[in-house]
Amino acid sequence: MHQMTLAEIARGLADKKFSSEELTKVLLARITQLDPQLNSFISLTEELAIEQAKAADARRANGESGALLGAPIAHKDLFCTQGIRTSCGSKMLDNFKAPYDATVVAKLAAAGAVTLGKTNMDEFAMGSANESSWYGAVKNPWNLEHVPGGSSGGSAAAVAARLLPAATATDTGGSIRQPAAFTNLTGLKPTYGRVSRWGMIAYASSLDQGGPLARTAEDCAILLQGMAGFDQNDSTSIDEPVPDYSASLNESLQGLRIGVPKEYFSAGLDPRIAELIQNSIKELQKLGAVIKEISLPNMQHAIPAYYVIAPAEASSNLSRFDGVRFGHRCEHPKDLIDLYKRSRGEGFGAEVQRRIMVGAYALSAGYYDAYYLKAQKIRRLVKNDFMAAFNEVDIILGPTTPNPAWKLGTKNSDPVAAYLEDVYTITANLAGLPGLSMPAGFVDGLPVGVQLLAPYFQEGRLLNVAHQYQLNTDWHTRTPTGF
Ligand code: GLN
């Protein structure tokens, strides 16, 4: 039962082959049995799950239908869940029970999805390895000595290990696509403004975007359908109609113009990954796509710009965690300043503190122009590169990451080494564009992802290309040994 995709579950539930309650119990038992090896969950919500599953079964018995009605999922632990711990992977929020549901959580619950629990993540979504979580590192089910990617590593490891078919995640600089690549999943970061950020604890507000992680593009379409849409509670939410993502999955790729940026194939890319990307290009050519070399000349400046903008926004967003209003408070403070200092010093981990310091520095009076303003100018140049490229091509294709998942602990002492691994993903966030990662093969038994980028609001196109690719390849069906 645990091998089923969301699409298969929807069919099984509609055909009354099993109930949502039965499936939910099987998956909860599987999580209890297998997750100790992975550490992919921070909280299990068994009671809520059974209650939601029974309610979904009752709705079906009353004649309701819907692809998410009774479908088991989990939420990254930065989506607020009413009355349930919402930790953001931090000691700071270990005792925080959200007073309301995030829009994404509420929408999926209304569609009948069943929440099995809250998944582990890098602290405040800062990281690419899921090693900065206060709840401990998450292991990659493909090799337990390797990282699953981050910051949505818990969602990725859980779905890859078949503990559940799909999960929500968020992507500020790659945190949906990179863990998807590292664990052989399909993950989609939507256009900025497509999915509401209300109730999604902010890391870098101008970059953060929620999206689906699943095994197939078909399942990402189902989950995204439940997540996307205008929300008046989010001032950056965009009031554009949500298309039927499943309906466009089978469009032909004949004549599709795919741009391959020459800058993507530079020295930093593992040549074995480069070869797998070339194979995926050939596969898409067989389906009718036309390949064109393009250039994104400002890509080399994206990492430094991102690692100024994201920490700057984080330093501002995280100032609310002051020991007074939310979360952790130190014992016996001497005075107010001591309360702030020690509560934050004890509540935040090293990576979060580093970024708050970098961000506060970049925003300070003497340095604002030199760092923050400069970074914003680069951001515009990165966007302009994409706009020029999309005049010539429909989709941009390349590797999701320059290397496969690294070994746990190997990049902890050198944060910049980890930042460099984000080279292919962060440009989409700087520009606000949608991006998808899908399985493209293996290197040393570790999965490799190919990334597709599209113009604004063309999530349907990304899912269409990925689905056609998946109808003709079987990388996405491979299961990690032991799961
Ligand atoms: N690795 C990037 C960072 O650490 C991206 C994280 C994310 O997308 N949340 O900021």
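Description of the structure in this document. Values in this document were obtained by computation on a predicted structure and should not be read as measured data.

1. Section: the site of the ligand
Logical step 1: Around the ligand there are 15 residues in total, and Ser128, Gly173, Ser175, Tyr203 and Tyr306 lie nearest to it.
Logical step 2: Separating an oxygen atom of the ligand from a side-chain N or O atom of Arg355 is a distance of 2.8 Å.
Logical step 3: Between a nitrogen atom of the ligand and a side-chain N or O atom of Asp422, the distance comes to 2.9 Å.
Logical step 4: Here the ligand has 290 Å² of accessible area as a free molecule, and 99% of this is covered by the chains.
Logical step 5: For the shell around the ligand, the per-class residue count stands at 5 nonpolar, 7 polar and 3 charged.

2. Topic: the pairing of strand E3 (residues 114–119)
Within a regular strand, side chains alternate between the sheet's two faces.
Logical step 1: With 6 of its 6 residues buried, E3 lies for the most part within the structure.
Logical step 2: Where strand E1 (residues 41–44) meets E3, 3 bridges bridge the pair, whose relative direction is antiparallel. In the sheet register, Leu44 faces E3, and the bridge partner there is Gly117.
Logical step 3: One crossover worth recording links strand E2 (residues 72–76) to the parallel E3 by way of helix H4 (residues 103–110), and it is right-handed.

3. As for the packing of aromatic side chains
Logical step 1: For the coordinates displayed, the defined rule picks out 18 aromatic pairs.
Logical step 2: Between the aromatic rings of Phe182 and Trp406, the centroid separation amounts to 5.5 Å while the plane-to-plane angle is 90°, which identifies the pairing as edge-to-face. Within this pair, whereas Phe182 is found in helix H6 (residues 177–183), its partner Trp406 is found in the loop between strand E9 (395–399) and helix H13 (415–420), the two being separated by 224 residues in sequence.
Logical step 3: Judged by centre distance (5.1 Å) and plane angle (65°), the rings of Tyr264 and Tyr424 are edge-to-face. Within this pair, whereas Tyr264 is found in the loop between strand E7 (257–261) and helix H8 (271–286), its partner Tyr424 is found in the loop between H13 and helix H14 (426–431), the two being separated by 160 residues in sequence.
Logical step 4: Clustering of aromatic rings is evident, with ring pairs tying together Phe96, Phe124, Phe321, Phe326 and Phe348.
Logical step 5: The ring of Trp406 has Lys411 sitting right over it, with the charged end atom 5.0 Å from the ring centre.

4. Quick look at the pattern of salt bridges
Logical step 1: The tally for this structure, following the rule as stated, stands at 20 salt bridges.
Logical step 2: The salt bridge involving Lys17 is made with Asp15; its shortest N-O contact spans 3.8 Å.
Logical step 3: Lys17 sits in the exposed class, given a relative accessible area of 64%.
Logical step 4: Across the pair Arg257 and Asp394 runs a salt bridge whose closest N-O atoms are separated by 2.9 Å. In this pair, Arg257 is assigned in strand E7 and Asp394 in the loop between helix H12 (368–389) and E9, connecting sequence segments 137 residues apart.
Logical step 5: Given a relative accessible area of 34%, Arg257 falls into the partly exposed group.
Logical step 6: Taking the relative accessible area as the measure of exposure, Asp394 reaches 19% and is therefore buried.

5. Digging into the nonpolar core
Logical step 1: Membership of the largest hydrophobic core comes to 103 residues, with the highest contact counts inside it found for Phe124, Phe386, Ile396 and Leu463.
Logical step 2: No other element matches helix H9 (residues 302–317), which puts 9 residues into this core.
Logical step 3: Leu463 has contacts with Leu188, Ala217, Cys220, Ala221, Leu224, Tyr245, Leu249 and Leu436, leaving out every residue within four places of it along the chain.

6. With respect to the side chain of Ser133
Logical step 1: Topologically, Ser133 is positioned in the loop between E3 and helix H5 (153–160).
Logical step 2: Its relative accessible area of 8% is what places Ser133 among the buried residues.
Logical step 3: From its side chain, Ser133 meets the backbone oxygen of Met121 in a polar contact 3.5 Å long.
Logical step 4: Reaching out from Ser133, the side chain makes a polar contact with the backbone nitrogen of Tyr135 at a distance of 2.9 Å.

7. So, H5
Logical step 1: Here H5 lies mainly inside the structure; 8 of its 8 residues are buried.
Logical step 2: Gly153, Gly154, Ser155, Ala156, Ala157, Ala158, Val159 and Ala160 are the residues of H5 that are buried.
Logical step 3: Of the residues flanking the end of H5, it is Arg162, one or two places downstream, whose phi is positive at about 60°.

8. Concerning a nonpolar patch on the surface
Logical step 1: On the surface, Val324, Leu336, Ile337 and Tyr340 cluster together to form a nonpolar patch covering roughly 340 Å² of accessible area.
Logical step 2: Following the sequence through the fold, Ile337 ends up in helix H10 (residues 336–347).
Logical step 3: Residue Ile337 is classed as exposed on the basis of its relative accessible area, which comes to 51%.

So, how was this worked out
- Residues numbered from 1 in each chain as written.
- Predicted model: local features only at pLDDT ≥ 70, side-chain atom pairs only at ≥ 80, totals over all residues.
- Heavy atoms only, no water.
- Near = heavy atom within 4 Å.
- Polar contact = N/O pair within 3.5 Å; in protein donor to acceptor, adjacent residues only side chain to side chain.
- Areas by Shrake-Rupley, 256 points an atom, 1.4 Å probe, with all protein chains shown as cover.
- Nonpolar A, V, L, I, M, F, W, Y, C, P; charged D, E, K, R; others polar.
- Buried < 20%, exposed > 50% of the residue type's maximum accessible area, 1.4 Å probe, protein only.
- Helix = DSSP H or I, 4+ residues; strand = E, 2+ residues; numbered from the N terminus.
- Pairing = 2+ DSSP bridges.
- Right-handed = clockwise from strand over helix to strand, strands pointing away.
- Phe/Tyr/Trp six-rings, centres within 6.5 Å; stacked < 30°, edge-to-face > 60°.
- Lys NZ or Arg CZ within 6 Å of the ring centre and 35° of its normal.
- Salt bridge = Lys/Arg side-chain N within 4 Å of Asp/Glu carboxyl O.
- Core = buried A, V, L, I, M, F, W, Y, C linked by side-chain atoms within 4.5 Å.
- Contact = heavy atoms within 4.5 Å.
- Patch = residues over 30% accessible without salt bridge, like charges linked within 9 Å, V, L, I, M, F, W, Y side chains within 5 Å.

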